[in-house]
Amino acid sequence: MTDDDLDPVIHAQSRLRVVATLAAMPRGDRVSFPKLQRLLDMTAGNLSTHVRKLEEAEYVVVTKTHEGRTPATYLELTSTGRHAFERYSRRLTDLLKGAQS
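Reading guide: rules and limits
Residues numbered from 1 in each chain as written. Predicted model: local features only at pLDDT ≥ 70, side-chain atom pairs only at ≥ 80, totals over all residues. Heavy atoms only, no water. Helix = DSSP H or I, 4+ residues; strand = E, 2+ residues; numbered from the N terminus. Polar contact = N/O pair within 3.5 Å; in protein donor to acceptor, adjacent residues only side chain to side chain. Contact = heavy atoms within 4.5 Å. Pairing = 2+ DSSP bridges. Axes fitted to C-alpha atoms, helices over the stretch in contact; angles between N-to-C directions. Phe/Tyr/Trp six-rings, centres within 6.5 Å; stacked < 30°, edge-to-face > 60°. Lys NZ or Arg CZ within 6 Å of the ring centre and 35° of its normal.

## Quick word on the side chain of T78
Piece 1. Within the secondary structure layout, T78 lies in the loop between β3 (70–77) and α5 (79–100).
Piece 2. At 2.6 Å, the side chain of T78 forms a polar contact with the backbone oxygen of E58.
Piece 3. A polar atom in the side chain of T78 sits 2.9 Å from the backbone nitrogen of G81.
Piece 4. In this structure, T78 is in contact with E58, Y59, V60 and V61, ignoring residues within four places of it in sequence.

Written out as structure tokens, the structure reads:
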């Protein structure tokens, strides 16, 4: 991938929505899987598939824990993911500005 390309990991619509939502949160904050699922109005299976891709790219970290006896899954954007989203946003902005010329 060159600097002129849009990151294919982020560019998929569902993954872009996940990353944009996580990037809007302060660094170090995380969100529960069910809350993100509700925010994005995605099925658990669809969200899980896209989160796995983001996790493989080291853009998202998934933490599985328990709250009492109930399993809980949290998602957080990594610094790598935050930088990738910033690059993606800059590149997309540049492309859109170029299209207006």
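Picking up where we left off.
## Details of the sheet that holds β3
Piece 1. Overall, antiparallel pairing links the three strands, which are arranged β1-β3-β2 in an open sheet. Because the sheet does not close on itself, it has two edges, and the strands there are β1 (31–32) and β2 (60–67).
Piece 2. Examined bridge by bridge, β2 and β3 share eight bridges and lie antiparallel to one another. When the bridges of β3 are listed, T63 appears paired with Y74.
Piece 3. Helix-sheet contacts for helix α2 (residues 13–23) involve β1, β2 and β3, and the interaxial angle to β3 is about 85°.

## Side note on the packing of aromatic side chains
Centre-to-centre distance and the angle between the planes together describe a pair of aromatic rings.
Piece 1. Under the defined criterion, the tally for this structure stands at zero aromatic pairs.
Piece 2. The residue whose ring lies beneath R30 is Y74, and the NZ or CZ to ring-centre distance is 4.1 Å.

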